[in-house]
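Coordinates in review
Take a look at the letters that make up each chain.
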Amino acid sequence: MDKKTREHLNNLRSEERELQNQAFFYILEVTEKPVDWAYEVWDQLVADLSHKDNHVRAISAQILCNLAKSDPENRMQKDFSRLMEVTRDERFVTARHCLQSIWRVGASSKTMQEIVVEALADRFRNCGNEKNCTLIRYDIMQGFRNLYDDVQDEKIKQQALELIELEEDPKYRKKYASVWK
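Residues numbered from 1 in each chain as written. Predicted model: local features only at pLDDT ≥ 70, side-chain atom pairs only at ≥ 80, totals over all residues. Heavy atoms only, no water.

Re unusual backbone geometry
Quick note on the threshold: Strands are runs of DSSP state E lasting at least two residues, helices are runs of H or I lasting at least four, and both sets are numbered from the N terminus onward.
If you check the backbone angles, Asn74 has positive phi at about 60 degrees while not being a glycine. Residue placement: Asn74 occurs in the loop between helix H4 (54–67) and helix H5 (75–86). Positive phi values are uncommon outside glycine, yet Gln152 reaches one of about 55 degrees. The topology assignment puts Gln152 in the loop between helix H9 (133–151) and helix H10 (154–166).

Some details on the environment of Asn54
Counted only if it meets this: Burial here depends on accessible area, computed with a 1.4 Å probe over protein chains only, as a share of the maximum for the residue type. Under 20% is buried, over 50% is exposed, and the range in between is partly exposed. Pairs of residues are marked as contacts when any of their non-hydrogen atoms sit within 4.5 Å. Within 3.5 Å is the distance limit for a polar contact, defined as a pair of N or O atoms, with the added protein rule that one can donate a hydrogen and the other accept it, and that residues adjacent in sequence qualify only through two side-chain atoms.
Following the sequence through the fold, Asn54 ends up in helix H4. Taking relative accessible area as the criterion, Asn54 reaches 9% and is therefore assigned buried. Between the C-alpha atoms of Asn54 and Met1, which are 53 residues apart in sequence, the distance is 27 Å. Other than its neighbours up to four places away in sequence, Asn54 contacts Arg91, Val93 and Thr94. Among the polar contacts made by the side chain of Asn54, one reaches the side chain of Thr94 at a distance of 3.0 Å.

Here we look at the packing of aromatic side chains
The condition is simple: Between 30 and 60 degrees the pair is tilted, below 30 it is stacked and above 60 it is edge-to-face, where a pair is any two Phe, Tyr or Trp rings, Trp via its six-membered ring, whose centres lie within 6.5 Å. Two thresholds decide whether a charge sits over a ring: the Lys NZ or Arg CZ must be within 6 Å of the ring centre and within 35 degrees of the ring normal.
Taken as a whole and assessed by the stated rule, the structure comprises 5 aromatic pairs. Seen in terms of ring centroids, Tyr172 and Tyr176 are 6.4 Å apart; in terms of plane orientation they differ by 25 degrees. Their pairing is stacked. You can see Tyr172 and its partner Tyr176 sitting in helix H11 (residues 170–177), 4 residues apart, about one turn around the helix. Site record: aromatic cluster; members linked through ring pairs are Phe124, Tyr172 and Tyr176. Here the basic side chain of Arg137 rests over the ring of Phe124, its NZ or CZ set 4.7 Å away from the ring centre. Residue placement shows Lys175 over the ring face of Tyr138; its charged tip is 5.1 Å from the ring centre.

Laid out in structure tokens, this is it:
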């Protein structure tokens with residue numbers, strides 16, 4: 001890993017928000033493509049999913065989602081449940097950031113695609129009593145759409161459309177369906 005990347009990774013846990021944000025955006029950009037240093041930071045990112053600072057939790061979740069494409073050892077299969085826990089974070093903004101990124105894990109391999117689709121479908125079905133259920137469901141639909149656009153697997157679209165039909169309120173059913181227009 002080069003010095004600049006190491007410095008930015010160290011700044012992800014900075015209490016200075018501007019420095020932390022600069023580091024986050026830099027790391028997101030470099031992890032758009034596979035990197036050879038993923039395992040140098042993997043365990044720390046997984047540990048930071050339960051960090052006391054919700055910004056660190058959100059950042060760690062999003063970077064881990066990006067690093068799924070850099071995971072030839074398939075560690076994500078073991079750690080994916082920890083990511084899904086963050087989609088239920090006490091701070092909704094943190095949960096939402098994770099939920100909006102998690103489709104990237106599904107784009108990393110066929111196995112992870114199946115795991116992600118199943119987990120998101122379960123999350124969609126079982127969030128009915130949560131405060132922000134409609135936003136959660138909308139984000140899940142958008143995640144399904146992003147994953148579908150990336151991997152072009154019709155099963156993803158079919159699963160999403162089946163989930164939309166479970167929504168009893170026509171207003172929200174229409175909103176979720178709009179993602180597929």
